[in-house]
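A closer look at the structure
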Amino acid sequence: MSEALLSYQSPGRVNLIGDHTDYTGGLVLPMAIDRYTTIRGTRTTSVVRLRSQNEPEPVEFELPNSSPEEVTPSWGRYVAGVAAEMQNRAQGFDGEISCTIPIGAGLSSSAALEVATALALGDTSTPDERAKLCQRAEFRAVGVPCGIMDQLTVASGIRDHALLIDCHELTVSPVQLPNDVKIVVRFVAERKLASSSYGERVVQCAAAEKIIGPLRLAKLQSLASITDKTVFRRARHVVSENQRVRDFATMLHTGDLKSAGKLMIESHNSLDRDFETSTPQMNSAVAAATSQPGVFGARMTGGGFGGCIVILADATAKVDGWQVRAVAGASQLD
Ligand code: GLA
């Protein structure tokens, strides 16, 4: 008798607004998108063996595995990190990964791999717990001190909705996307220096919090006591971005797409000037997109230093790029 084929799928995500706010417990407004990482295979007793259509070398290790950072090839560290965090709950799996999320484009292909892996290894926890486990796995296996946005979005996406996430409370509030808009993602350039510069931003935000307390509670007026100019600008981005997320959610709700688009541009400028995570190419891409008829706004999306821009446009507008739809979070496929 042949073994049952198991298959699990996780979407990628695009963030509409609220970048570099999650690791200080701020607000974000992403959505899971109709691009997927899928893992198909069969249960094994204690070995994890995975091949990927995007990678020349497969990954194979025994369970339990407590040194995910040593696994080769390096893409396998995400897989092993999840297995390590699951400890003795992880069940073996022999399978193949296919992926329609562009890798290194800032659309959370790694979070999708982590969350799909957790499901394949038999995780039965809630989407919140799964997201937290995968966030820890990423830090443990590849050393990126990421926030919770990516894993939580791909684990708990809701069809036709963006997610207003409070990254301190870990509450997810669905925000219905208006029918008369389209969301387009345009790839600009592969991300460079992303993890070291990301870690530096995390440290700078922590430095600001040492002086004025949690940035998620801070007002722009309270930033005056930060004397280091760089730390001041990082904090100004985070505090103003949290407010933009609140306002953007309201504008989507009321259908004020013009104002929503303006906020996206303000967010982009803040990421460029204060947070310095944009690039000249991304700035040109945003300028080009926003000059097209029917475009309400555009901004860099995700960690930055390359990757994609996201564009909010009238449903009838002609916009180059990939139109994406908001979809449900990771799940087992029938
Ligand atoms: C990366 C991280 C997220 C988040 C974004 C920026 O995608 O994984 O946690 O910090 O950057 O918003």
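Here's a quick rundown of the structure. Predicted model only: the values in this text are computed from it and were never measured.

Turning to the pattern of salt bridges, a few remarks are in order. Counting across every chain of the model gives 19 salt bridges. Residues joined in a network through salt bridges with shared partners are Arg49, Arg51, Glu60, Asp94 and Glu96.

A few words on the pairing of strand 5 (residues 93–99). One face of the sheet, then the other: side chains in a regular strand alternate in exactly this way. Judged by how many residues are buried, strand 5 sits mostly within the fold: five of seven residues are covered. Taken together, the seven bridges between strand 2 (residues 27–43) and strand 5 define a ladder with antiparallel strand orientation. When the bridges of strand 5 are listed, Thr38 appears paired with Ser98. Taken together, the five bridges between strand 3 (residues 47–52) and strand 5 define a ladder with parallel strand orientation. By the bridge assignment, Arg49 is partnered in strand 5 with Asp94.

Attention now moves to the side chain of Asn65. Within the secondary structure layout, Asn65 lies in the loop between strand 4 (59–62) and helix 1 (76–86). Accessibility expressed as a relative area gives 13% for Asn65, which makes it buried. Side-chain polar atoms of Asn65 contact the backbone nitrogen of Ser67, separated by 3.1 Å. Other than its neighbours up to four places away in sequence, Asn65 contacts Val71, Ala80 and Ala84.

Moving on, we get to the site of the ligand. What surrounds the ligand is the set Arg13, Asp19, His20, Asp22, Tyr23, Cys146, Gly147, Met149, Asp150, Tyr198, Gly302 and Gly303. Residue Asp22 places a side-chain N or O atom 2.5 Å away from an oxygen atom belonging to the ligand. Gly147 has a polar backbone atom sitting 2.9 Å from an oxygen atom of the ligand. Here the ligand, which alone exposes 310 Å², has 93% of that area covered by the protein. In terms of residue class, the shell around the ligand is made up of four nonpolar, four polar and four charged.

Here Glu138 lies in helix 3 (residues 127–142). Residue contacts for Glu138: discarding those within four places in its chain leaves Tyr78, Ser110, Glu114, Gly143, Val144, Cys146 and Gln151.

How each quantity is defined
Residues numbered from 1 in each chain as written. Predicted model: local features only at pLDDT ≥ 70, side-chain atom pairs only at ≥ 80, totals over all residues. Heavy atoms only, no water. Salt bridge = Lys/Arg side-chain N within 4 Å of Asp/Glu carboxyl O. Buried < 20%, exposed > 50% of the residue type's maximum accessible area, 1.4 Å probe, protein only. Helix = DSSP H or I, 4+ residues; strand = E, 2+ residues; numbered from the N terminus. Pairing = 2+ DSSP bridges. Polar contact = N/O pair within 3.5 Å; in protein donor to acceptor, adjacent residues only side chain to side chain. Contact = heavy atoms within 4.5 Å. Near = heavy atom within 4 Å. Areas by Shrake-Rupley, 256 points an atom, 1.4 Å probe, with all protein chains shown as cover. Nonpolar A, V, L, I, M, F, W, Y, C, P; charged D, E, K, R; others polar.

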